[in-house]
Structures are given as C-alpha cells and as structure tokens.
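# Breakdown of the fold
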Amino acid sequence: MSKQLKKEFLENFMGNTILTIADKNYSLWPLAPWLCLKAVNMPFKEVLIRFGQSDTREKMLKYAMTGRVPALHHNGLEIWDSLAICEYIADLHPSHCLWPTTINARAKARTFAAEMHATGGSFPGAPRHIIYSLDTNVRRRTERVVPTGDVQQSINYLINRWRLLLDEFGGSGGFLFNQFTIADAMSAHLVNRFVTYDIELPDDIKNYCENLRSFTPLTQWINEAEKEDWELISAEIDVSKL
C-alpha cells in the first residue's frame, strides 16, 4: 500500500472512531480511555472541547447526551462513560489483554478499576477525597503538599491497594498486573496528581508512579497537556489552604 493510500485509509478509519475529551491539563475521566486507545494502537480522531467556555456544554451535548466527556463514537455506536469505553476497547482488541488473562487477576483488576471509577463512595479512605481536594493540573508543580484528614487517609488507602496488587500480580513489567491494563489506566490521573502536588510516597509506590508516567501513551498525554497555553482558574487551587 502506498503512503498516500495508507494515509487515506487511516483518515477514513479514524473518521469512524472519535473520542471527545476536554483539556488534557485539567480533565480527569477522558485520560483512561485515551490511554487504552493508544495502548491497542487503535486509530481515532480526537475532539478536544475546552472547559470553562460559554459554549462548552453545548459542544459536549453534540457528542453525549450527558453533556460531559469522554464520549466515544465508533461505527455508529455512542458510549459516554470512561470505564464502559475502556471495556469496549478491550472487547475490540482482546489480544492486547487490557484485562488480565486469568480469572482471579481479572476479577481483582475489575474490582479496582470499578472502585476508582466510582470514586469509592464517601467512606474514610475513598479516592473521592483526593479527587475533590487535589485538582487535576498536569503541568503544575507546587511545593510539597502535606495532606491531612480524609485526603491523607485516601492516599494511604490507595498506596495499600496499589501495593497489594503489585505484590500479588506485578512482576517485572512494573504495572499493577505486570503489563498495562485498565487498572493502570484508571490510576493514571491519581499518579499525575501526586506529581503535581509533590505528595510524599514510599519508594515502591514512587517506582510504580514513575513507571506509569514513562508509559509512552501517558508520556504523550503529559507532553501535550504541558503545551496547552490556557488556564482554568477554578482548577488553579490555593495549596496553602489544603
């Protein structure tokens, strides 16, 4: 196939696969499906709709009835939930093993991913306390934030969850289940927050975070987030008040 024909084929193929996201620097839920699409080398067209604009919701409603992102359009099918999109990508590309292959490992990976996706409710240690206090801001670097109360409990809980999975399933690949899975995709935004706010982590968990951030698709997302030259004031939190 000539380069021109290949280009035309990819353009036509990508036209049937659209992932709608928001600012890479500030958005949370689009990251996981974006990583999964990249991990399986599935061509797609990216539509980025900026937060905080007068027509943000109007534009998002064109791609999802919720008026939120992410939203995946593929061959006439519309999916507007981050974990559901990841599941769909895994079904389309089973050879890439976005879920672990053994039933026990797969059950634990799904449990963890669902817990991260649901933000874990409101119990002490739930991930929601991190999400609501340490806003996503990929390119920002603050002085070390020393969390207290529910936020620190959530960090401790997450460290323990990651550690248990790494100890049981990690292996030499450096991911929670040795190779990249949806469980890692659902962890990525939390890893980025810990870097942004210089959260103190034990060495084994720091190694996991560094390994995930060196995963080529996540490195690409980070690089593109850092190139965005606009600010969302509501996400530029005052860390002195944390």
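Look a little higher up for the structure.
Note that residues are indexed from 1 along each chain, following the sequence as it is written. For this predicted model, a pLDDT threshold of at least 70 governs which residues receive local features, and a threshold of 80 or more governs which side-chain atom pairs are given and counted, while totals over whole chains, interfaces and linings are taken from all residues. The basis for every side-chain value is the complete set of heavy atoms in the structure, and neither hydrogens nor water enter the calculation.

### So, the overall build of the protein chain
Worth spelling out the cut-off: The helix and strand labels rest on DSSP assignments: H or I over at least four residues marks a helix, E over at least two residues marks a strand, and numbering proceeds from the N terminus. Throughout, the radius of gyration refers to the C-alpha atoms, and the reference size of a globule is 2.2 Å times the residue count to the power 0.38. When accessible area is computed with a 1.4 Å probe and restricted to protein chains, residues below 20% of their type maximum are described as buried, those above 50% as exposed, and intermediate ones as partly exposed. For the area figures, the Shrake-Rupley method with a 1.4 Å probe applies, and any residue is considered shielded solely by the protein chains shown. Positive residues here are Lys and Arg, negative ones are Asp and Glu, while His and the chain termini are left out of the count. Every charge is mapped onto a representative atom, which is NZ of Lys, CZ of Arg, CG of Asp or CD of Glu.
Scanning the protein chain for helices and strands turns up eleven helices and four strands. The C-alpha atoms of the protein chain give 18 Å as radius of gyration, which agrees with the globular expectation for 242 residues (18 Å, within 12%). On the principal axes, the C-alpha backbone points of the protein chain span a range of 55 × 45 × 30 Å. Across the 242 residues that make up the protein chain, the buried fraction comes to 49%. With the model as given, the accessible surface of the protein chain reaches about 11900 Å², and the carbon-plus-sulfur share is 51%. The protein chain carries 26 positive and 29 negative side-chain charges, and their two centres are separated by 3 Å.

### Considering the packing of helix α2 (residues 31-39) against helix α11 (residues 216-227)
Note the threshold: Axes, fitted as lines to C-alpha atoms, cover a helix only where it is in contact. Angles between the N-to-C directions of the axes lie from 0 to 180 degrees. Our angle categories are set so that under 35 degrees counts as roughly parallel, over 145 as roughly antiparallel, 65 to 115 as roughly perpendicular, and the remainder as oblique. Crossings are sorted by hand: turned counterclockwise from the far helix by less than a right angle, the near helix makes the crossing left-handed, and turned clockwise it makes it right-handed. The contact definition used throughout considers only heavy atoms, calling two residues in contact when any of these lie within 4.5 Å. Charged residues are taken to be Asp, Glu, Lys and Arg, nonpolar residues to be Ala, Val, Leu, Ile, Met, Phe, Trp, Tyr, Cys and Pro, and polar residues to be all remaining types, Gly included.
For the pair α2 and α11, the least separation of the axes is 9 Å and the interaxial angle reads 130 degrees. As the angle between them shows, α2 and α11 are arranged oblique. Along this stretch, α2 crosses α11, giving a crossing that reads as right-handed. Counting all contacts with α2, which are made through Leu-31, Trp-34, Leu-35, Lys-38 and Ala-39, the residues of α11 involved are Pro-217, Leu-218, Gln-220, Trp-221 and Glu-224. Of the residues assigned to the contact of α2 with α11, the class counts are seven nonpolar, one polar and two charged.

### A word on the sheet that holds strand β4 (residues 77-79)
We count it as follows: A pair of strands is considered paired only if DSSP assigns at least 2 bridges between the two.
Ordered in space as β2-β1-β3-β4, the four strands form an open sheet in which the pairing is mixed. The open sheet terminates on both sides in strands that have one partner only, identified here as β2 (45-48) and β4. Each strand of the sheet is rotated relative to its neighbour by a mean of 15 degrees, with strand direction disregarded. Alignment of strand β1 (residues 17-21) against strand β3 (residues 71-74), held across four bridges, turns out to be antiparallel. If you follow Ile-18 over to β3, its bridge partner there is His-73. Its contacts with the sheet put α2 on β1, β2 and β3, and the angle it makes with β1 is roughly 150 degrees.

### What about the nonpolar core?
This is how the line gets drawn: Joining through side-chain atoms within 4.5 Å is the link that ties buried Ala, Val, Leu, Ile, Met, Phe, Trp, Tyr and Cys residues into a set, and such a set is a nonpolar core.
Trp-162, Leu-176, Phe-180 and Ile-182 are the most contacted members of the largest nonpolar core, which has 66 residues in total. Residues within four places of Leu-176 in sequence aside, it is in contact with Phe-112, Trp-162, Leu-165, Leu-166, Phe-169, Gly-170, Ala-183, Asp-184, Ser-187 and Tyr-208. Counting six residues, the second-largest nonpolar core is a separate cluster that includes Ile-18, Val-47, Met-60 and Val-69.

### Quick notes on helix α10 (residues 203-213)
How we decide: Of all possible arcs, the one meant is that of the directions from the helix axis to the C-beta atoms.
Among all positions in α10, only Ile-205, Tyr-208, Cys-209, Leu-212 and Arg-213 are buried. Taken down its axis, α10 places every buried residue within 130 degrees of arc, on the same side. Those residues of α10 that are buried are in contact with α7 (149-170), α8 (182-185), α9 (188-196) and α11.

### Examining the pairing of β3
Side chains Ala-71 and His-73 project from β3 onto one buried face, and the interleaved Leu-72 and His-74 project onto a second face that is buried too. Relative to β4, β3 is paired through three bridges, and the arrangement is antiparallel. Residue pairing for β4: His-74 is matched across the bridge by Leu-77. Taking the residues between adjacent antiparallel strands as the criterion, β3 and β4 are bridged by two residues, where Asn-75 takes a positive phi near 50 degrees.

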